[in-house]
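Chains, contacts and geometry: an overview
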Amino acid sequence: MSDEEHHFESKADAGASKTYPQQAGTIRKNGHIVIKGRPCKVVEVSTSKTGKHGHAKCHFVAIDIFNGKKLEDIVPSSHNCDVPHVNRTDYQLIDISEDGFVSLLTENGNTKDDLKLPTDDNLLSQIKGGFEEGKDLVVSVMSAMGEEQICALKDIGPKN
């Protein structure tokens, strides 16, 4: 054995999966599901009766949580579906750069500079307007399946 210390630079997580299996019959409205490889929020679920060949089917209508597209899927209710791990984290907004990236303050005092401004015009104008007025803004960042996007905004008052 050598006396040298080994340092590993790793950007990976602890091997946790981006999704977990859940039986299709147990997924409800307002839950999450993966359809066509995209994390979605379920807006409508209907279950058909068992047919001649046995399986009841679940018809899911869901909206992609990042781009707002409507997706549909039909799965036998006894089969497993992928459900994304969806996390929401709040960060304080420090700066908005010229190229549309935001600088955010994490809980441990580091900065996070890899997020773009949201594409939603309403939210975008609220963030830019509040920032220009010098307000202290907290943005909620939703993350699922390796993607992150700003999804909400909170005003915690004017800067001191």
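Residues numbered from 1 in each chain as written. Predicted model: local features only at pLDDT ≥ 70, side-chain atom pairs only at ≥ 80, totals over all residues. Heavy atoms only, no water.

Topic: the environment of Ser140
Note the threshold: Secondary structure elements follow DSSP: runs of H or I of four or more residues count as helices, runs of E of two or more count as strands, with numbering from the N terminus. Residues count as neighbours in contact if any of their non-hydrogen atoms are within 4.5 Å of one another. For the purposes of these results, a polar contact is taken to be a pair of N or O atoms within 3.5 Å, where, inside protein, one atom must be able to donate a hydrogen and its partner to accept one; residues adjacent in sequence count only when each atom of the pair is a side-chain atom.
The residue Ser140 is located in strand S10 (residues 135–144) in this model. Separated by 13 residues in the primary sequence, Ser140 and Leu153 have C-alpha atoms spaced 6.1 Å apart. Not counting residues within four places of it along the chain, the set of residues in contact with Ser140 comprises Arg88, Thr89, Asp90, Gln149, Ile150, Cys151, Ala152 and Lys154. Side-chain polar atoms of Ser140 contact the side chain of Asp90, separated by 2.7 Å.

Comments concerning the pattern of salt bridges
Put simply, the test is: The working definition used for a salt bridge is a side-chain nitrogen of Lys or Arg within 4 Å of a carboxyl oxygen of Asp or Glu. Think of it in three bands: residues with accessible area under 20% of the maximum for their type are buried, residues over 50% are exposed, and the middle band is partly exposed, with areas taken using a 1.4 Å probe on protein chains only.
What the rule picks out here adds up to 6 salt bridges. Here Lys154 ties to Asp90 by a salt bridge, and the two come within 2.6 Å at their closest N and O atoms. You can see Lys154 sitting in strand S11 (residues 147–158) and its partner Asp90 sitting in strand S7 (residues 87–96), a full 64 residues away along the chain. Residue classification places Asp90 among the partly exposed residues on the basis of a relative accessible area of 31%. The residue Asp114 makes a salt bridge to Lys112 at a minimum N-O spacing of 3.3 Å. A network of salt bridges, in which partner residues are shared, links Arg38, Asp64 and Glu147.

Side note on the pairing of strand S8 (residues 101–105)
In plain terms, the rule: Here the rule is simple: two strands pair whenever DSSP picks up at least two bridges between them.
Relative to S8, S7 is paired through 4 bridges, and the arrangement is antiparallel. Across the sheet, residue Asp95 finds its bridge partner in S8, namely Ser103. Here S8 pairs with strand S9 (residues 111–116) via 4 bridges, running antiparallel. Residue Leu104 lies in a different strand from S9, and its bridge partner there is Lys112.

Considering the environment of Phe66
Following the sequence through the fold, Phe66 ends up in the loop between strand S4 (57–64) and strand S5 (70–76). Placed 25 residues apart in sequence, Phe66 and Lys41 show a C-alpha to C-alpha distance of 9.9 Å. Not counting chain neighbours up to four residues away, the residues in contact with Phe66 comprise Arg38, Pro39, Met142, Ser143, Ala144, Glu147, Glu148 and Gln149.

Some points on unusual backbone geometry
Its identity as a non-glycine residue notwithstanding, Asn30 has a phi of 70 degrees, on the positive side. Within the secondary structure, Asn30 is located in the loop between strand S1 (19–23) and strand S2 (32–35). Even without being glycine, Met145 reaches a positive phi, approximately 55 degrees. Here Met145 lies in the loop between S10 and S11.

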